[in-house]
Amino acid sequence: MGLDPAAPRQSPGYWRALPLLACAFPLVTFASFADETLERAPKSEGYCSRILRAQGTRREGYNEFSLRVEGDPDFYKPGNSYRVTLSAATPAYFRGFTLIALKEGKEGEKEEDHAGTFQIIDEEETQFMSNCPVAVTESTPRRRTRIQVFWTAPPLGTGCVILKASIVQKRIIYFQDEGSLTKRLCEQDSAMNGVTDKPILDCCACGTAKYRLTFYGNWSEKSHPKDYPRRANHWSAIIGGSHSKNYVLWEYGGYASEGVKQVAELGSPVKMEEEIRQQSDEVLTVIKAKAQWPAWQPLNIRAAPSAEFSVDRTRHLMSFLTMLGPSPDWNVGLSAEDLCTKDCGWVQRVIQDLIPWDAGTDSGVTYESPNKPTVPQEKIRPLTSLDHPQSPFYDPEGGSIKSVARVVIERIARKGEQCNIVPDNVDDIVADLAAEAPEDEDDTPETCIYSNWSPWSACSSSTCEKGKRMRQRMLKAQLDLSVPCPETQDFQPCMGPGCSDEDGSTCMMSEWITWSPCSVSCGMGMRSRERYVKQFPDDGSICKVPTEETEKCIVNEECSPSTCLVTEWGEWDECSASCGMGMKKRHRMIKMTPADGSMCKAETTEAEKCMMPECPIDCELTEWSQWSECNKSCGKGHMIRTRMIKMEPQFGGASCPETVQRKKCRIRKCLRNPNIEKRRWKEPREKRRSEQAKEDVDGEQFPGCKMKPWTAWSECTKLCGGGIQERFMTVKKRFKSTQFTSCKDKKELRACNVHPC
């Protein structure tokens with residue numbers, strides 16, 4: 001708890017009482033500008049229940065301190081994250097604080113009385129209480145005007161929640177039950193009876209804001225083990241856009257368009273992107289990010305996919321979807337997420353845990369159900385744990401479905417004139433800086449002759465953090481070598497531009513935000529950049545440091561009335577090939593056609609080659625050989641044929657099939673006298689061998705050429721199980737007058753070692 005080091009010393013009993021504040025406060029609001037009498041509340045040993053209460057009443061109209069949930073919602077969505085800000089209006093400040101969330105009607109005596117969870121943004125500013133870890137308090141005691149944390153809403157069925165804050169200022173603690181430090185939020189029905197959220201209000205924000213969407217898929221066999229598809233699990237490519245309220249990509253209670261259907265069933269974003277681009281007047285940015293195969297990998301192996309997009313006053317909503325595959329028609333995503341706040345600003349951060357929803361186009365109930373079109377088409381709805389006993393999300397007790405993904409949307413820049421500039425996050429609260437010590441008088445000995453000091457260098461810090469600057473001088477002469485001369489370099493603490501810690505009128509400034517786009521599409525225009533006040537002066541004075549800069553800019557000096565204005569290039573599509581060489585494309589849209597009415601000549605599609613991993617190469621074989629002679633001269637036997645492997649499989653290609661086949665054969669019945677049978681077959685066989693030997697000696701004569709004799713048969717390729725032998729006959733002489741094309745080298749194959757292994 002923050003204590004004023006300059007305050008008068010108190011009795012030991014007073015300081016022993018303060019640690020009791022490290023427990024939960026079922027209501028908490030403290031503030032005081034007058035001495036109050038403190039007394040201890042009746043002792044209770046319940047969970048985080050010991051508190052202090054003060055005598056006295058709250059002043060009417062006393063609103064120096066406030067607790068605010070970004071966007072000022074009246075309802076919360078279960079599982080959503082919200083930025084919570086505790087602040088003091090100038091010239092007020094606070095040193096200590098406590099923040100807690102309770103179920104309505106509960107006193108915080110039990111662990112189950114508390115609702116949702118807090119997330120620390122800056123550990124130098126905030127921490128969880130050691131004696132009550134569900135509550136948040138300050139990390140260091142110092143004067144402050146603002147802190148921020150994230151609060152994740154509790155699960156479905158919790159009911160209304162009371163967010164309560166406490167303030168400790170100076171030496172006196174003051175409590176109150178109601179007012180600006182208490183915020184009541186009630187649960188918003190997640191099913192919404194088949195309809196999307198409450199009507200979207202017009203946006204009053206100025207300028208534009210740029211956001212980054214990051215998708216964290218946590219659907220894995222470990223988190224969702226039931227029937228998890230091990231082989232083909234993936235997230236399809238993310239597709240969406242920032243758009244106006246006149247265009248709906250998808251919504252609960254609505255029907256899926258053809259584009260949504262193709263994403264939901266096939267994981268293909270092509271039709272969805274076409275539908276979005278057809279709404280160019282209602283869409284500011286097309287949001288695209290790559291697919292993820294497999295669905296989950298550690299972040300140190302594969303970064304989470306992300307995409308950047310912009311919003312403006314008209315197109316301040318964002319929607320996206322991605323298929324959970326394989327599945328019948330299941331997706332996750334956001335629909336019409338409003339990034340404009342009620343106070344005419346831009347939301348800093350959105351964190352949303354996602355559960356799958358059914359597109360209403362396929363009636364399958366498991367991940368790998370066969371296609372079963374839903375006729376007639378049904379409305380889009382969230383999946384529940386009671387949909388079907390075979391569903392991987394089924395729970396007979398009807399519990400909530402465990403989220404399969406989380407999306408984080410963070411604002412990364414604001415451009416143009418803004419209606420409401422507020423510090424972005426708790427990092428904007430800069431710690432008090434100690435006053436610089438006065439410069440020492442020059443004590444350079446007279447015997448050391450120096451040049452003048454150079455000007456001070458720029459500060460090593462470009463922010464309001466402490467840095468150093470340097471100046472130098474040159475030693476020209478040393479008249480007395482026994483008297484040492486001081487250093488030739490001098491260093492001084494400093495801070496970045498616009499920062500000063502000289503007195504209570506200090507203005508702490510942020511760094512400059514990136515330059516806005518040029519005001520014209522061609523020729524000379526203007527661009528601007530801005531920064532904002534990170535901390536106002538403690539004495540309540542007005543910051544006089546400039547918050548905006550402008551400069552001239554030139555876009556396409558050779559532009560003419562026929563020049564058209566186009567958007568920036570979108571993300572590259574996926575490669576057209578799953579392996580080897582393919583093509584990928586990216587697109588942009590025409591924002592403004594040429595002033596002279598001519599056709600826009602700017603390219604809206606760009607393509608380039610892309611290389612994917614080496615393809616699966618399948619096994620390649622020769623044609624089958626001729627069937628061999630029957631291995632028996634009579635009775636039942638068999639003959640075989642073979643083929644050879646020309647290419648072994650590579651990179652996971654199909655393995656090689658059989659290379660030897662055999663079939664039964666039967667020449668004739670065998671005679672009873674085997675000697676007669678042997679003679680009958682021996683004579684023709686010997687005759688054939690004699691003729692073959694003669695051919696081997698003399699070679700063979702073919703039309704147009706003379707061939708060399710056949711070579712000897714090669715060794716068998718296998719010792720058993722059926723191998724192959726081969727022999728060759730090459731051309732010995734070609735006749736000049738020949739017109740035939742049959743004069744070619746010959747090759748013969750035969751089976752060998754056909755006995756089983």
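Further up the page is the structure itself.
Residues numbered from 1 in each chain as written. Predicted model: local features only at pLDDT ≥ 70, side-chain atom pairs only at ≥ 80, totals over all residues. Heavy atoms only, no water.

Draft legend 1. Representation of the state of the cysteines. In total, this model carries 9 disulfides according to the counting rule given. Between the sulfur atoms of Cys-204 and its disulfide partner Cys-344 the distance amounts to 2.1 Å. Around the S-S axis, the bridge from Cys-204 to Cys-344 shows a dihedral of about -105 degrees and counts as left-handed. Of this pair, Cys-204 sits in the loop between strand S13 (182–187) and strand S14 (208–217) while Cys-344 sits in the loop between strand S20 (330–338) and strand S21 (349–354), and the two are 140 residues apart along the sequence. Cys-204 gets classed as partly exposed once you look at its relative accessible area, which sits at 26%. There is a disulfide in this structure between Cys-630 and Cys-665, and the S-S distance comes to 1.9 Å. (Disulfide = S-S within 2.5 Å. Helix = DSSP H or I, 4+ residues; strand = E, 2+ residues; numbered from the N terminus. Buried < 20%, exposed > 50% of the residue type's maximum accessible area, 1.4 Å probe, protein only.)

Draft legend 2. Inspection of a positive patch on the surface at higher detail. Taken together, the side chains of Lys-636, Lys-664, Arg-666 and Lys-669 make up a positively charged region of the molecular surface. With respect to the secondary-structure elements, Lys-664 resides in strand S40 (residues 660–666). (Patch = residues over 30% accessible without salt bridge, like charges linked within 9 Å, V, L, I, M, F, W, Y side chains within 5 Å. Areas by Shrake-Rupley, 256 points an atom, 1.4 Å probe, with all protein chains shown as cover. Salt bridge = Lys/Arg side-chain N within 4 Å of Asp/Glu carboxyl O. Lys, Arg positive; Asp, Glu negative; His and termini not counted. Charge placed at Lys NZ, Arg CZ, Asp CG, Glu CD.)

Draft legend 3. Representation of the side chain of Lys-183 within the structure. Along the chain, Lys-183 falls in strand S13. Put simply, Lys-183 is tucked away with no salt bridge, and the nearest opposite charge, on Asp-74, sits 4.8 Å away. With residues near it in sequence (within four places) discarded, Lys-183 still touches Leu-67, Val-69, Asp-72, Pro-73, Val-161, Ile-162 and Leu-163. (Contact = heavy atoms within 4.5 Å.)

Draft legend 4. Examining the packing of aromatic side chains more closely. According to the stated counting rule, one finds 14 aromatic pairs in the structure shown. For the pair Phe-215 and Trp-235, a centre-to-centre distance of 5.2 Å together with 80 degrees between the ring planes defines the contact as edge-to-face. Here Phe-215 is found in strand S14, whereas its partner Trp-235 is found in strand S15 (residues 234–235), with 20 residues between them in sequence. Each of the two residues, Phe-215 as well as Trp-235, counts as buried. Their ring planes at 80 degrees and their centres at 6.4 Å tell us that Phe-215 and Phe-320 sit as a pair that is edge-to-face. Taken together, the residues span a long stretch of sequence, with Phe-215 in strand S14 and Phe-320 in strand S19 (residues 317–325) at a distance of 105 residues. For Phe-215, a relative accessible area of 1% puts it in the buried group. Three or more aromatic residues joined by ring pairs form one cluster here, namely Phe-215, Trp-219, Tyr-228, Trp-235, Phe-320, Trp-330, Tyr-367 and Phe-393. Here the basic side chain of Arg-471 rests over the ring of Trp-453, its NZ or CZ set 4.4 Å away from the ring centre. Directly above the ring of Tyr-450 sits Arg-473, whose terminal nitrogen or CZ lies 3.8 Å from the centroid. (Phe/Tyr/Trp six-rings, centres within 6.5 Å; stacked < 30°, edge-to-face > 60°. Lys NZ or Arg CZ within 6 Å of the ring centre and 35° of its normal.)

Draft legend 5. Geometry of a nonpolar patch on the surface. Residues Ile-617, Met-647 and Phe-651 make up a contiguous nonpolar surface patch of about 260 Å² in total accessible area. Examined against the element boundaries, Met-647 turns out to sit in strand S39 (residues 645–647).

Draft legend 6. Spatial organisation of the pattern of salt bridges. Under the counting rule described, the total for this entry stands at 23 salt bridges. Note that Arg-586 and Glu-606 form a salt bridge whose closest N and O atoms lie 2.6 Å from each other. Here Arg-586, found in strand S34 (residues 581–587), pairs with Glu-606, found in strand S36 (residues 605–611); they are 20 residues apart in sequence, far enough to count as distant. The shortest N-O distance in the salt bridge between Glu-620 and Lys-646 comes to 3.7 Å. Separated by 26 residues along the polypeptide, Glu-620 in strand S37 (residues 620–621) and Lys-646 in strand S39 bring together distant segments of the chain. On the accessibility criterion, Lys-646 (54% relative accessible area) is exposed. A cluster of three or more residues bridged by salt bridges with shared partners is formed by Glu-273, Arg-277, Lys-288 and Asp-573.

Draft legend 7. Molecular detail of the environment of Glu-187. Tracing the backbone shows Glu-187 in strand S13. Between the C-alpha atoms of Glu-187 and Val-161, which are 26 residues apart in sequence, the distance is 8.0 Å. Residues within four places of Glu-187 in sequence aside, it is in contact with Phe-75, Tyr-76, Pro-78, Pro-155, Leu-156, Gly-157, Thr-158 and Gly-159. At a separation of 3.0 Å, a polar atom in the side chain of Glu-187 contacts the main-chain amide nitrogen of Thr-158. (Polar contact = N/O pair within 3.5 Å; in protein donor to acceptor, adjacent residues only side chain to side chain.)

Draft legend 8. How the structure looks around helix H3 (residues 270–277). Among the residues making up H3, those that are buried are Met-272, Glu-273, Glu-275 and Ile-276. Seen from one end, H3 has its buried residues packed into an arc of 160 degrees, which puts them on one side. If you follow the buried residues of H3, they end up packed against strand S16 (238–243), helix H2 (258–266), strand S17 (283–289), S19 and S34. (Arc of directions from axis to C-beta.)

Draft legend 9. Representation of the nonpolar core within the structure. Residues Tyr-211, Phe-215, Trp-235, Phe-309, Met-318 and Phe-320 are the most contacted members of the largest nonpolar core, which totals 36 residues. Of all the elements in the fold, those that place two or more residues in this core are S14, S17, strand S18 (306–311), S19, S20, S21 and strand S24 (405–415). In terms of residue count, the dominant contributor to this core is S14 (4 residues). Once residues lying within four places of it in the same chain are set aside, the contact partners of Phe-309 are Ala-209, Lys-210, Tyr-211, Leu-213, Ser-242, Thr-285, Ile-287, Met-318, Leu-339 and Ile-409. (Core = buried A, V, L, I, M, F, W, Y, C linked by side-chain atoms within 4.5 Å.)

What is shown is where atoms sit, not what they do.
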